[in-house]
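Residue-level structure breakdown
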Amino acid sequence: RRAARVRITAGVWTSWFLARNIRRFWSEDANWVPDILASNRPVDLARRQADIGIRNKRPDHDWLAGRLTSRIENAEYGISEEVTGFIALPLDGPPSPTARWIRENKADRIVMIASDSRLAIELAFEGIGRVVLPCFAGDAEPRLKRLSPPIEGLGHDQWLVAHHEARHDPPVRAALDALTRLLTDSSLRSDTV
């Protein structure tokens, strides 16, 4: 029997969280296989560019169904309090809320630009600057310390979203149920101080 592929789109850090916890929500004997598509740009679920989206807001179209999973907070991370500068992402393309927050609140302390989030965190490991990360990602990284409380205005609800009709397909339904269990498991995420 061949398992159905279920395309799951999420931001970079949520995709990282899914990969890091793959064995908690999927196994080879499932009737579906996750294709994890990391992108901070919107992927059109209506046109079936993906089967499931993990989003930072409730779906606002009638043909999309959503399920609230958790609250995501963001904070500053670095290797020590002595690191006071920030690593920013470039301005090309639509900036993420965290990238915009750094530009609006820490512009005078930007010490380096990194082309993507993974590169930014590698620079933070070297003590070049601080990065702003979702707490579930930053707290899971032993090489970094949380250097601020959750940043006001950057917290958001996380939604599991699927096309209204596709969500009834057995493989998509199985994936939605598995992802819901993972994303609502508060023992895996520390999004508070």
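Residues numbered from 1 in each chain as written. Predicted model: local features only at pLDDT ≥ 70, side-chain atom pairs only at ≥ 80, totals over all residues. Heavy atoms only, no water.

Points about the sheet that holds strand β4 (residues 64-72)
The 5 strands are arranged β2-β1-β3-β10-β4 in an open sheet whose pairing can be described as mixed. Where the open sheet ends on each side, the last strands, each with one partner, are β2 (32-38) and β4. With direction set aside, neighbouring strand axes in the sheet form an average angle of 20°. Alignment of strand β1 (residues 4-10) against strand β3 (residues 52-55), held across 2 bridges, turns out to be parallel. Across the sheet, residue Ile 8 finds its bridge partner in β3, namely Ile 52. Lying on the sheet, helix α1 (residues 12-20) is in contact with β1, β2, β3 and β10 (156-163); it crosses β2 at an angle near 150°. (Pairing = 2+ DSSP bridges. Helix = DSSP H or I, 4+ residues; strand = E, 2+ residues; numbered from the N terminus. Axes fitted to C-alpha atoms, helices over the stretch in contact; angles between N-to-C directions. Contact = heavy atoms within 4.5 Å.)

A short note on the sheet that holds strand β8 (residues 131-134)
With antiparallel pairing, 3 strands are arranged side by side in an open sheet as β8-β5-β9. The two strands at the open ends of the sheet, each matched to only one other strand, are β8 and β9 (145-146). Of the strand pairs in this sheet, strand β5 (residues 74-78) and β9 are connected by 2 bridges, and their pairing is antiparallel. Paired with Tyr 77 across the strands is Arg 146, a residue of β9.

Quick word on the nonpolar core
Residues Ile 8, Leu 18, Phe 25, Trp 32 and Ile 52 are the most contacted members of the largest nonpolar core, which totals 38 residues. Broken down by element, the residue count for this core peaks at 7 residues, all from helix α6 (residues 170-183). With sequence-adjacent residues up to four places away left out, Ile 52 is seen in contact with Val 6, Arg 7, Ile 8, Thr 9, Leu 45, Leu 160, Val 161, Val 172, Ala 175, Leu 176 and Leu 179. Core analysis: the second largest hydrophobic core is formed by 7 residues, Phe 86, Ala 88, Trp 101 and Val 132 among them. (Core = buried A, V, L, I, M, F, W, Y, C linked by side-chain atoms within 4.5 Å. Buried < 20%, exposed > 50% of the residue type's maximum accessible area, 1.4 Å probe, protein only.)

What about α6?
The terminal C-alpha atoms of α6 lie 20 Å apart, and with 14 residues this matches the ideal 20 Å at 1.5 Å per residue to within 8%. Residues Pro 171, Val 172, Ala 175, Leu 176, Ala 178, Leu 179, Thr 180, Leu 182 and Leu 183 constitute the buried set of α6. (Expected span 1.5 Å × (residues − 1).)

What about helix α4 (residues 117-125)?
Of all the residues in α4, the buried ones are Ser 117, Ala 120, Ile 121, Leu 123, Ala 124 and Phe 125. Following α4 by one or two positions, Gly 127 adopts a phi angle in the positive range, close to 80°.

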